[in-house]
Amino acid sequence: KTMSEEELKAQVAQLTQELRQQKSKNEELQNEIVDLRKHHVESQAKAEHEEEHHVNEMLKKMEKLKKDKEDLAIQLELEEEYLTNTLQKKLEQVRREKVDMENQLEQEQEFLVNKLQKQITDMEESHRHRVEELEAEIKNLRNTQRH
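Residues numbered from 1 in each chain as written. Predicted model: local features only at pLDDT ≥ 70, side-chain atom pairs only at ≥ 80, totals over all residues. Heavy atoms only, no water.

Caption draft 1: Broad picture of the environment of Leu-83. One can find Leu-83 in helix α2 (residues 73-146). Among the residues examined, Leu-83 registers a relative accessible area of 23% and is labelled partly exposed. Spatially, the C-alpha atom of Leu-83 lies 32 Å from that of Leu-105, the residues being 22 residues apart in sequence. The contact partners of Leu-83, leaving out residues within four places of it in the chain, are Met-58 and Met-62. (Helix = DSSP H or I, 4+ residues; strand = E, 2+ residues; numbered from the N terminus. Buried < 20%, exposed > 50% of the residue type's maximum accessible area, 1.4 Å probe, protein only. Contact = heavy atoms within 4.5 Å.)

In structure tokens form, the structure reads like this:
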């Protein structure tokens, strides 16, 4: 059963509308990725600021302890060394976790982008193929109407 030219045109219009919707959806998803990246950068900056604030607060407390307790200078030195080593280990751990989270986020973003790009490519190919089929049907209809 062949479709009329109006039906073919309607189907082409419908497929064109679907393609527009998919392109719009793709744009929304790409914007969402941009927003996620922006949120990640903001979260990272906040975490670094809080980390810096925490370290500064610890340094202030350590200085106050030194000043207030000069008679315990040796004990304080040992304590300070312990705190510094602990903070350094924690800082290195946080940095490693940060790198791991960034890598994971990047992999997830790449996966989403690749998935979306494949979906778009598949839809465009399907749409192009369908348009070619419809154009061929229109041509056949015109040829059969002439004879």
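Caption draft 2: Highlighting the nonpolar core. Within the largest apolar cluster, 5 residues are counted, these being Leu-8, Leu-15, Leu-134, Ile-138 and Leu-141. Only α1 (5-68) and α2 provide two or more residues apiece to this core. Broken down by element, this core gets its largest block of residues, 3 residues, from α2. Beyond its immediate stretch of four places on either side in the chain, Leu-15 contacts His-127, Arg-130 and Leu-134. (Core = buried A, V, L, I, M, F, W, Y, C linked by side-chain atoms within 4.5 Å.)

Caption draft 3: Spotlight on empty space enclosed by the protein. Inspection of the entire model under this criterion finds 1 cavity of 30 Å³ or more. Along the walls of the largest cavity sit Gln-22, Lys-25, Asn-26, Leu-29, Leu-116, Gln-119 and Ile-120, which together make up its complete lining. Elements supplying a minimum of two residues to the lining of the largest cavity: α1 and α2. In terms of residue count, α1 provides more of the lining of the largest cavity than any other element does, 4 residues in total. Looking at the lining of the largest cavity residue by residue, the classes come out as 3 nonpolar, 3 polar and 1 charged. (1 Å grid on protein atoms, 1.4 Å probe; cavity = no way out; pocket = protein on both sides within 12 Å on 5 of 7 lines; lining within 4 Å. Points joined across faces, edges and corners; volume = space filled by probe spheres on them. Nonpolar A, V, L, I, M, F, W, Y, C, P; charged D, E, K, R; others polar.)

Caption draft 4: Molecular detail of the layout of surface pockets. Empty space within the largest pocket amounts to approximately 340 Å³. Ser-43, Gln-44, Ala-47, Val-94 and Lys-98 are the residues nearest the centre of the largest pocket, which is lined by 14 residues in total. Mapped by element, the contributors of at least two residues to the lining of the largest pocket are α1 and α2. When its residues are assigned to classes, the lining of the largest pocket shows 5 nonpolar, 3 polar and 6 charged. Estimates place the volume of the second largest pocket at around 250 Å³. When residues in the lining of the second largest pocket are grouped by element, the largest group, 6 residues, is from α2.

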